[in-house]
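Understanding the architecture of this molecule
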Amino acid sequence: MIYLHGPFDSSTNRALFYNTKWWDLYYRFLVLEPSHEIGDELRKNLHTEQREFFIDSAFIHDREFELVSEPGYHIIPTNLMGLQSTIAEAIKNNPYNKYYIFDTANLEPYNIFDNIDYIRSNPNCIFYTTLRIVEPNKLFDFGFILRKFIANRIVLQHYQCNDSFKNTKKTYRLDLSVRNFPQKDERVELLKVLQNYQKDNINLRVNDYYVNRMEQLYEFATKYNNADKLDQYKNEFKLLDRLKQNLAPTTTLVAGQQEHIGAMKLIDVTFSSDIQIMFESNQNGLYRLSEKEWCNITEKTIDNLLIGKPFIICSKVAYDFLIQFGFETYETELGIDYHEIWENHDFIVRNLTKNIIRISEMEQDEYDVMLDKCSIAAETNRQKCLDYIEENSILDNIINDYKINFK
């Protein structure tokens with residue numbers, strides 16, 4: 001049997017069932033189940049159809065994870081919830097069992113596996129990730145990633161608002177937005193360099209989340225004379241006044257909440273300029289030392305691809321991903337030689353700065369021609385994402401594999 005564990009309406013299940021032969025029925029359940037208008041009689045009919053759905057689709061739904069040790073294949077769309085030892089024991093007892101685990105596709109680097117050491121190398125556990133460098137039991141399916149993070153609303157606004165972006169007149173040519181600055185030396189260095197140029201057509205923006213955190217930490221560590229913390233983050237504390245030059249404050253009512261995705265990012269960052277100066281989460285220094293450990297792709301790249309916004313690539317992990325999956329990198333349109341950018345690690349910021357300032361100082365006619373070419377490439381990238389979203393064979397592949405091993 002094939003078991004589908006956890007909540008039926010999870011974002012992972014939405015991503016798995018989308019554009020399959022079961023989608024129309026699944027969509028009906030998603031829409032009608034929370035409806036109070038349906039009434040008791042029709043709700044009974046709906047639940048009958050749900051039961052018939054599972055019979056016809058060959059899945060057994062186990063919302064509470066009570067059947068996770070049963071012989072067969074198991075689809076686990078949510079957090080493992082401390083199940084790894086149970087899964088390891090079940091595989092030992094039933095060597096044909098397979099577990100398809102999807103919560104590891106969560107925009108994080110390879111250290112997501114640190115807490116699941118019992119099963120992370122078990123060939124009977126298939127993990128879906130956002131790591132572009134795959135292993136036999138660790139897979140990267142970009143279509144699934146897009147569907148999942150649209151379904152859980154992390155990239156939904158950027159997926160939906162392509163036309164609004166194209167029709168909005170931008171205030172700036174370029175923007176650099178910094179949120180997480182502790183131990184992110186390159187983006188802070190580039191921000192400081194661009195501050196010195198004082199270009200009116202470059203939007204420099206610092207989200208206040210980490211600034212507030214570091215400021216409060218400094219005051220608290222000073223109050224209790226915690227020398228270790230004062231020394232550990234001394235460089236970050238020194239940066240606070242400089243970062244505040246471009247601080248974008250939010251109300252204290254949302255203090256401690258990470259408002260860096262969704263609608264606020266769309267309005268405050270994406271719509272502010274024609275071209276984004278884009279850093280991925282992982283630093284170039286870490287990626288250069290161990291590509292596999294730090295090869296995850298996040299919403300920072302995905303947002304721009306989905307909405308069709310051109311960008312200057314500041315992280316080699318993003319560049320390598322774009323090349324591998326056939327996306328436009330804008331190097332021809334923007335006149336940027338990325339081989340030169342990555343050639344010498346010590347000069348990455350200097351070479352990026354050279355290109356950013358060149359674009360900011362272009363004559364308007366030349367800039368408009370360049371931007372038109374970028375817009376064509378951006379639309380190509382968006383369409384490629386839309387194609388990836390529609391390509392979905394995960395459940396069919398699981399069923400086919402099950403039939404081979406349990407025939």
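The sections below set out a description of the structure shown in this document. Since we're looking at a predicted model, the values are computed, not measured. (Residues numbered from 1 in each chain as written. Predicted model: local features only at pLDDT ≥ 70, side-chain atom pairs only at ≥ 80, totals over all residues. Heavy atoms only, no water.)

Within this structure, the stated rule accounts for 21 salt bridges. Taking the shortest distance from any N to any O, the salt bridge between Glu291 and Arg132 comes out at 3.5 Å. On the criterion of sequence distance, the pair formed by Glu291 in the loop between α13 (284–289) and α14 (299–307) and Arg132 in the loop between β5 (125–128) and β6 (138–139) is long-range, its members being 159 residues apart. Residue classification places Glu291 among the partly exposed residues on the basis of a relative accessible area of 35%. Ionic pairing is found between Lys300 and Glu299, a salt bridge with its closest N-O pair at 3.5 Å. On the accessibility criterion, Glu299 (6% relative accessible area) is buried. A single network of salt bridges, built from pairs that share partners, joins Arg132, Glu291, Lys316 and Asp320. (Salt bridge = Lys/Arg side-chain N within 4 Å of Asp/Glu carboxyl O. Helix = DSSP H or I, 4+ residues; strand = E, 2+ residues; numbered from the N terminus. Buried < 20%, exposed > 50% of the residue type's maximum accessible area, 1.4 Å probe, protein only.)

The next subject is the environment of Cys125. By secondary structure assignment, the location of Cys125 is in strand β5. For Cys125, a relative accessible area of 0% gives the class buried. The sequence separation of Cys125 and His74 amounts to 51 residues, and the corresponding C-alpha distance is 9.5 Å. Those residues in contact with Cys125 that sit more than four places away from it in its chain are Ile87, Ile91, Tyr99, Ile101, Ile119 and Asn137. (Contact = heavy atoms within 4.5 Å.)

Right, let's talk about the sheet that holds strand β11 (residues 311–313) for a bit. Pairing is parallel in the open sheet, where five strands are placed in the order β9-β8-β7-β10-β11. This sheet does not close on itself; its edge strands, each paired only once, are β9 (247–248) and β11. Where strand β7 (residues 172–178) and strand β8 (residues 202–207) come together, five bridges link them in parallel fashion. The partner of Asp175 across the bridge, within β8, is Asn203. Running over the sheet, α14 touches β10 (273–278) and β11 and is turned about 155° from β10. (Pairing = 2+ DSSP bridges. Axes fitted to C-alpha atoms, helices over the stretch in contact; angles between N-to-C directions.)

Right, let's talk about the nonpolar core for a bit. In this structure, Ile87, Phe142, Phe181 and Ile312 are the most contacted members of the largest nonpolar core, which totals 90 residues. Here this core gets nine residues from one element, more than from any other, and that element is helix α19 (residues 364–390). For Phe181, the residues in contact, after removing those within four places along its chain, are Val188, Tyr210, Val211, Met214, Glu236, Leu239, Leu240 and Leu243. (Core = buried A, V, L, I, M, F, W, Y, C linked by side-chain atoms within 4.5 Å.)

Let us look at the packing of helix α9 (residues 208–223) against helix α11 (residues 234–243). Two elements in contact, α9 and α11, have axes separated by 10 Å at closest approach and are oriented at 130°. With respect to α11, the element α9 is oriented oblique. The two elements α9 and α11 cross, and the hand of that crossing is left-handed. Between α9 and α11, the residues in contact are Val211, Met214, Glu215, Leu217 and Tyr218 and Glu236, Phe237, Leu240 and Leu243, respectively. Taken together, the residues of the contact of α9 with α11 sort by class into seven nonpolar, no polar and two charged. (Parallel < 35°, antiparallel > 145°, perpendicular 65-115°, else oblique. Left-handed = near helix turned anticlockwise from the far one by under 90°. Nonpolar A, V, L, I, M, F, W, Y, C, P; charged D, E, K, R; others polar.)

Position of Ser281 relative to the elements: it lies in the loop between β10 and α13. With 235 residues separating them in the primary sequence, Ser281 and Leu46 have C-alpha atoms 44 Å apart. Contacts of Ser281, omitting those with residues within four sequence positions, involve Lys184, Arg187, Thr298 and Lys300. At a separation of 2.9 Å, a polar atom in the side chain of Ser281 contacts the side chain of Lys300. (Polar contact = N/O pair within 3.5 Å; in protein donor to acceptor, adjacent residues only side chain to side chain.)

Looking now at the side chain of Lys309. Relative to the assigned elements, Lys309 resides in the loop between α14 and β11. In terms of polar contacts, Lys309 uses its side chain to reach the side chain of Ser273, at 3.1 Å.

Let us look at the pairing of β8. Most of β8 sits out of view: six of its six residues are buried. After leaving β7, the chain enters helix α8 (residues 185–197) and then returns to the sheet as β8, a path that is right-handed. By the bridge criterion, two bridges tie β8 to β9 in an arrangement that is parallel. What sits directly across from Asn207, in β9, is Ala248. (Right-handed = clockwise from strand over helix to strand, strands pointing away.)

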